[in-house]
Amino acid sequence: MLFRHSGAKVQSVWRDWVAKCGNPTCSKKSWLQAFTHSHRGMRVEGEWYCDTNCFEQVVKGKIEELLASQNPPAKARGSRVPMGLLLLSRGILTSEQLKAALDYQRLNAVNFGDAVQQLGFATQEQVTAAVAAQWACPVFPLGDRPLDVKIRIPRQLLNLYKMLPVHYTENERRLLIGFVSGVQHQILSTIGHITSCTVVPCFITMREYESQLKSSLTPCPRDYELAVDEILESAEMARLTTNYVVQLGAERMRIGKCRDYVWTRIWGKKQEMDLLFRVGSD
Ligand SMILES: [Zn+2]
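Residues numbered from 1 in each chain as written. Predicted model: local features only at pLDDT ≥ 70, side-chain atom pairs only at ≥ 80, totals over all residues.

S.K.: Help me understand helix H3 (residues 52–68), please; the structure alone is not making it clear to me.
M.R.: Since there are 3.6 residues in each turn of an α-helix, residues three or four apart along the chain are aligned in direction. Taking 1.5 Å per residue, 17 residues should reach 24 Å; H3 reaches 24 Å between its end C-alpha atoms and fits that length. Turning to H3, its buried residues number three or more, namely Cys54, Phe55, Glu56, Gln57, Val58, Val59, Lys62 and Ile63. (Helix = DSSP H or I, 4+ residues; strand = E, 2+ residues; numbered from the N terminus. Expected span 1.5 Å × (residues − 1). Buried ≥ 20, exposed ≤ 12 C-beta atoms within 10 Å, placed from the backbone.)

Below you can see the structure in the form of structure tokens.
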């Protein structure tokens, strides 16, 4: 009994000594080679890689897996109550105004929410509340208060999806993301994966979104991100990512994908860095 117990212990110590490369196709297969290399290499996300090439191989594999995954279909707008009917049922529009707004929308090729605002039939707050009801989400009254959210999301994505991180509860790691015109579910799950937060959608007005985005207090400066809008091969994305991981001495990294980008977050010793690689539309 005692012997078996100590045997298992020796085995686990042995395993720790003979570090195995995190790249399953690593060519340095024998334990002796791995052992002689184990003082070198790199450790990322708790996994040890015998050299940067092995790490790059694994990153490339992960990127290819993400690229092969299909984007989830966007929810059909047809399944939602039309905004005109919503505003009518809330007593914001009369049936004459509804008809006039529909005509205006057709003639000017604008969306219905803009039409009723341009005609002066409804306020921005009323339109936002109606959009939120269409998506079955709450409205978050943001106002002009400075954003106090410690979770950083790349500016490029805030601009692209018209969204802002509006509230964060530290002990639950719960992050509220405010959208202006519609919820992008894929970016929500990617933000959840990259930031290890539970992410919940809500709605904010365009005015709030624009004024917060302009404010220098919004905690999402551009200095920490690099967006590559030229479409690269997965090998090139993996090479650039590996370069940054090495340069920043990072031991943590996450990769995700949203509709338009492969998003890599690298936690360096001194700073965090986001790399965004444009993906082709499928
Ligand atoms: Zn290796």
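After that view of the structure, there is still more to cover.
S.K.: Help me understand the nonpolar core in this model?
M.R.: In a soluble, globular protein the nonpolar side chains are often hidden away together inside. By size, the foremost hydrophobic cluster in this structure holds 59 residues, and its most contacted members are Val116, Val166 and Val262. In this structure Val262 touches Ile63, Leu66, Met237, Ile255, Lys257, Phe277 and Val279, once residues within four positions along its chain are discounted. (Core = buried A, V, L, I, M, F, W, Y, C linked by C-beta atoms within 7 Å. Contact = placed C-beta atoms within 7 Å.)

S.K.: Help me understand the sheet that holds strand E5 (residues 198–203) in this model?
M.R.: Within a sheet, each strand pairs with its neighbour through backbone hydrogen bonds, oriented either parallel or antiparallel. On the basis of which strands lie adjacent, the open sheet formed by 3 strands has the order E3-E4-E5 and mixed pairing. One side of each edge strand has no neighbouring strand; the edge strands of this open sheet are strand E3 (163–169) and E5. Geometrically, the sheet is characterised by an average inter-axis angle of 30° between neighbouring strands, direction not taken into account. One ladder, built from 6 bridges, connects E3 with strand E4 (residues 174–179); its direction is antiparallel. Of the residues in E4, the one forming a bridge with His167 is Leu176. (Pairing = 2+ DSSP bridges. Axes fitted to C-alpha atoms, helices over the stretch in contact; angles between N-to-C directions.)

S.K.: Help me out: how do you make sense of the pairing of strand E8 (residues 261–267) in this one?
M.R.: Most of E8 sits inside the fold, with 6 of its 7 residues counted as buried. Summarising the sheet, strand E7 (residues 252–257) and E8 pair through 6 bridges and their orientation is antiparallel. Counterpart to Met253 in the pairing with E8 is Ile266. Adjacent in sequence and paired antiparallel, E7 and E8 are bridged by 3 residues. Where E8 meets strand E9 (residues 272–278), 7 bridges bridge the pair, whose relative direction is antiparallel. Counted as the bridge partner of Thr264 is Leu275 from E9. Linking E8 to E9, which pair antiparallel, is a turn of 4 residues.

S.K.: I keep staring at unusual backbone geometry and nothing clicks. Help me out?
M.R.: Phi at Ala136 is positive, roughly 55°, even though this residue is not glycine. Mapped onto the fold, Ala136 is located in the loop between helix H7 (124–134) and helix H8 (155–160). On the basis of neighbour count, Ala136 is assigned to the exposed category, with 9 C-beta atoms found within 10 Å. Phi is positive for Arg173, which is not a glycine, with a value near 50°. Structurally, Arg173 is set in the loop between E3 and E4. You can call Arg173 partly exposed: it has 14 C-beta atoms within 10 Å.

S.K.: Explain the sheet that holds strand E6 (residues 225–228) here, please?
M.R.: Across the sheet, which stays open at both edges, the 4 strands sit in the order E6-E9-E8-E7 with mixed pairing between neighbours. The sheet is open, and its two edges are formed by E6 and E7, each paired on a single side. The average angle at which neighbouring strand axes cross in this sheet is 15°, direction not considered. Packing of helix H9 (residues 185–195) onto the sheet brings it into contact with E7 and E8, and relative to E7 it is tilted by some 170°.

S.K.: Can you walk me through helix H10 (residues 206–214) in this structure?
M.R.: Every buried residue belonging to H10 is among Glu208, Tyr209 and Gln212, and all of these are buried. For H10, the angular spread of the buried residues around the axis is 100°, confining them to a single face. In this structure, H10 carries Glu210 and Lys214 as exposed residues pointing more than 90 degrees from its buried face. Summarising the contacts, the buried residues of H10 are in contact with E3. (Arc of directions from axis to C-beta.)

S.K.: Explain the confidence of the model for the protein to me, please; I cannot follow it from the model alone.
M.R.: Detailed conclusions should not be drawn from predicted coordinates in areas where pLDDT is low. On average, residues of the protein score 87 in pLDDT, and 85% of them are at 70 or above. For the protein, the element scoring lowest by mean pLDDT is helix H1 (residues 2–17), at 52; E5 scores highest, at 97. (pLDDT = per-residue confidence, 0-100.)

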